[in-house]
Amino acid sequence: MNVLLIYPEFPDTFWSFKHALKFIHKKSSAPPLGLLTIAASLPADWTPRLIDLNQRALTAKDLAWADYAFISGMTVQRQSAHAAAERCREAGVKVVAGGALFTIEQAQFEDVVDHFVLNEGELTLPMFLDDLAHDRAQHVYTTTAYADIHATPTPRWDLVDFKHYATVHIQYSRGCPFNCDFCNVTALLGHRPRTKTSQQIIAELDGIYRLGWRGPVFFVDDNLIGNQRTLRTDLLPALIEWRKDKVGIVFNTEASINLADDEELMQQMVRAGFNTVFVGIETPDEDSLAECSKKQNLKRDLVADVKRMQRAGLEVQAGFIVGFDSDTASIFQRQIDFIQKSGIVTAMVGLLQAPPGTQLYERLKREGRLLVDRISGDNVDGTTNIIPHMNLEALHAGYRSILEYIYAPRYYYQRCKTFLREYKPSPIQVPLDFQYIMAFFRTIVRLGIIGKERLQYWNLLFWTLFNRPRLFPQAVTLAIYGYHFRLVYERHVQKDGG
Ligand code: SF4
């Protein structure tokens, strides 16, 4: 059986890093972990072929070769997913769809999908494959159970041409013990964090290392520290040991703010090779934090927490939200002040949205405050599917004012310095390769000569050379990110009127 594994295209969003990827001549951020894991679960006599639409187009030749097309993706990829499924259908290739997008929005794809294999693939895919083998495949496979990910196979990294990618994703755990009301992670994956074993993770890392990958590896766990006991006693010691004879691999991940309370855990993570952590800060407003049940962020000095992580050797990236019922007109300036003061360079600010399946969605539905029953999936496009308490125009204007400020070269670069002053460089660095050197020269032209940030760019580079020379590569990377964030903001939020 010939199977296309189709990964839909990402639009030009904050996390696509499209404008940043051009500097390193890459087309896409990361290979599709879900599809590669599915590939590893297919019968041995099937032949899978990965088609990442972020890399190349789906051709008539691909379609003529295939018996089935497996498509998976996230909400933000819905348009490309629908178009790809439609093309397969028209070409007579049966479409099998799974993953978060299809699990949440099955109804929108009824016209183009033959078989939905939803929720956790470890449970539903074997049911589908068994039925298919017996000629009785159903239209929908779903489950409310959570898979034991100890049995999840090593993704088929051999299907990937790593040279096209900037990073590689792997997953250690699923689920999160917290209860933020806007978050659909717990609705999809549950509250009890389930982890793989360190042996599984080491096998995955060995696989990508053997295939030649050198560079960042992103642990896509929604909260890596959800199960601290196994993290401390199993995964981190194994990673520390693994990297002893390896070069060129660094890790980043997502974690809750309580990581800042644990100096030992942070040090262990840094020794294991982690250098960046994304944290859901959401808002400096205590009432809004209480409103969305983000209890872990309450009654803390959040700026001090961020600085503690930076001093431990972890760059903090963070998500922020405006549009909570408790928000007043002062929230916009407070968010700006917080972001600038904390030195969170990669600050993703979005309007509050209510993803289907969340507690927030159910509450606003009851209150008649849902505009549409789905979200855009792009956290910074200035859209929302809810009717906020605050006047919508005022909310949009305030939202735009935050983005305009934090991505403006003057303030963005100021924030870079705030961060670089505080940050203790990790002892584990990726050696600078030819691509990086070329990226640096490209920044000289694009940012240092023709860019509107040229003054701030040179100022940052010279300041870093004199004050934090070890962090020079990081300063260049942050300059590239700033360019990407500003373009995304200018092209989407400002143009569309937010
Ligand atoms: S901590 Fe993060 S992953 Fe966990 S429930 Fe809150 S938003 Fe979701």
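Our focus in this paragraph is the overall build of the protein. Secondary structure summary: the protein contains 19 helices and 14 strands in total. Against the compact-globule benchmark of 23 Å for 498 residues, the protein has a radius of gyration of 22 Å, which places it among compact chains. Here the C-alpha coordinates of the protein stretch approximately 65 × 60 × 50 Å along the principal axes. Taken over 498 residues, the protein has a buried fraction of 48%. In the protein, of all internal contacts separated by at least 6 residues, the share reaching a separation of at least 24 is 77%.

Now for the sheet that holds strand S14 (residues 347-351). If you walk across this open sheet you meet the six strands as S7-S10-S11-S12-S13-S14, and the pairing is parallel. At either margin of the open sheet sits one strand with a lone partner, and together these are strand S7 (168-170) and S14. When strand polarity is set aside, the average angle formed by the axes of neighbouring strands in this sheet is 20 degrees. With four bridges connecting them, strand S10 (residues 215-219) and strand S11 (residues 249-254) associate as parallel partners. Residue pairing for S11: Gly215 is matched across the bridge by Ile249. Those strands touched by helix H12 (residues 302-312) are strand S12 (274-282) and strand S13 (315-322), and its axis lies near 155 degrees from that of S13.

Turning to the nonpolar core, a few remarks are in order. Ranked by internal contacts, the top residues of the largest apolar core, which has 136 residues, are Leu5, Ile6, Ala69 and Phe70. Examining the composition of this core, we find that nine residues originate from one element, helix H19 (residues 472-494), more than from any other. Apart from residues no more than four positions distant in its own chain, Ile6 is found in contact with Ile51, Leu53, Leu58, Ala69, Phe70, Ile71 and Ala84.

Look at Asp135: it is not a glycine, yet its phi comes out positive at around 60 degrees. The residue Asp135 is located in the loop between helix H6 (121-133) and strand S6 (140-141) in this model.

This part covers the domain arrangement of the protein. Segmentation of the protein into domains returns domain 1 (2-141), domain 2 (149-422) and domain 3 (434-494). Summarising the inter-unit geometry, the C-alpha centres of domain 2 and domain 3 are found 23 Å apart. Taken together, the contact pairs 15 residues of domain 2 with 21 residues of domain 3. Here the side of domain 2 that touches domain 3 gets seven residues from one element, more than from any other, and that element is helix H16 (residues 409-422).

Moving on: the sheet that holds strand S2 (residues 47-52). Overall, parallel pairing links the six strands, which are arranged S2-S1-S3-S4-S5-S6 in an open sheet. In the strand order of this sheet, the two ends are held by S2 and S6, each with one partner. As paired strands, strand S1 (residues 2-7) and strand S3 (residues 68-72) are joined by four bridges and run parallel to one another. Each residue of the ladder has a partner; that of Ile6, found in S3, is Ile71. Most of the contacts of helix H2 (residues 33-41) go to S3, to which it runs at about 140 degrees, and overall it touches S1, S2 and S3. Packing against the sheet, H6 makes contact with strand S4 (94-98), strand S5 (115-117) and S6, and its axis sits at approximately 145 degrees to S5.

Given a rise of 1.5 Å per residue, 13 residues ought to cover 18 Å, and the 18 Å separating the end C-alpha atoms of helix H4 (residues 78-90) matches this to within 8%. Within H4, the full set of buried residues consists of Arg78, Ala81, Ala84, Ala85 and Cys88. End-on, the buried residues of H4 take up no more than an arc of 130 degrees, which puts them together on one face. Exposed positions of H4 whose direction lies more than 90 degrees from the buried face are Gln79 and Glu90.

With six of eight residues buried, S13 is to be regarded as a mostly interior element. As paired elements, S13 and S14 share five bridges and run parallel to each other. Pairing of Ile321 across the sheet is with Gly350, part of S14. As for the winding sense of the linkage, the β-α-β connection from S13 through helix H13 (residues 331-342) to S14 is right-handed.

Here helix H9 (residues 228-242) crosses helix H10 (residues 263-272) at 30 degrees, and the two axes come no closer than 9 Å. Taken together, the axes of H9 and H10 lie roughly parallel to each other. Crossing of H9 against H10: the hand is left-handed. On H10, the residues that touch Gln228, Arg232, Leu236, Leu239 and Ile240 of H9 are Leu265, Gln268, Met269, Arg271 and Ala272.

Procedures and definitions
Residues numbered from 1 in each chain as written. Predicted model: local features only at pLDDT ≥ 70, side-chain atom pairs only at ≥ 80, totals over all residues. Helix = DSSP H or I, 4+ residues; strand = E, 2+ residues; numbered from the N terminus. Rg over C-alpha atoms; globule rule 2.2 N^0.38 Å. Buried ≥ 20, exposed ≤ 12 C-beta atoms within 10 Å, placed from the backbone. Contact = placed C-beta atoms within 7 Å. Pairing = 2+ DSSP bridges. Axes fitted to C-alpha atoms, helices over the stretch in contact; angles between N-to-C directions. Core = buried A, V, L, I, M, F, W, Y, C linked by C-beta atoms within 7 Å. Domains from an automatic or database assignment. Expected span 1.5 Å × (residues − 1). Arc of directions from axis to C-beta. Right-handed = clockwise from strand over helix to strand, strands pointing away. Parallel < 35°, antiparallel > 145°, perpendicular 65-115°, else oblique. Left-handed = near helix turned anticlockwise from the far one by under 90°.

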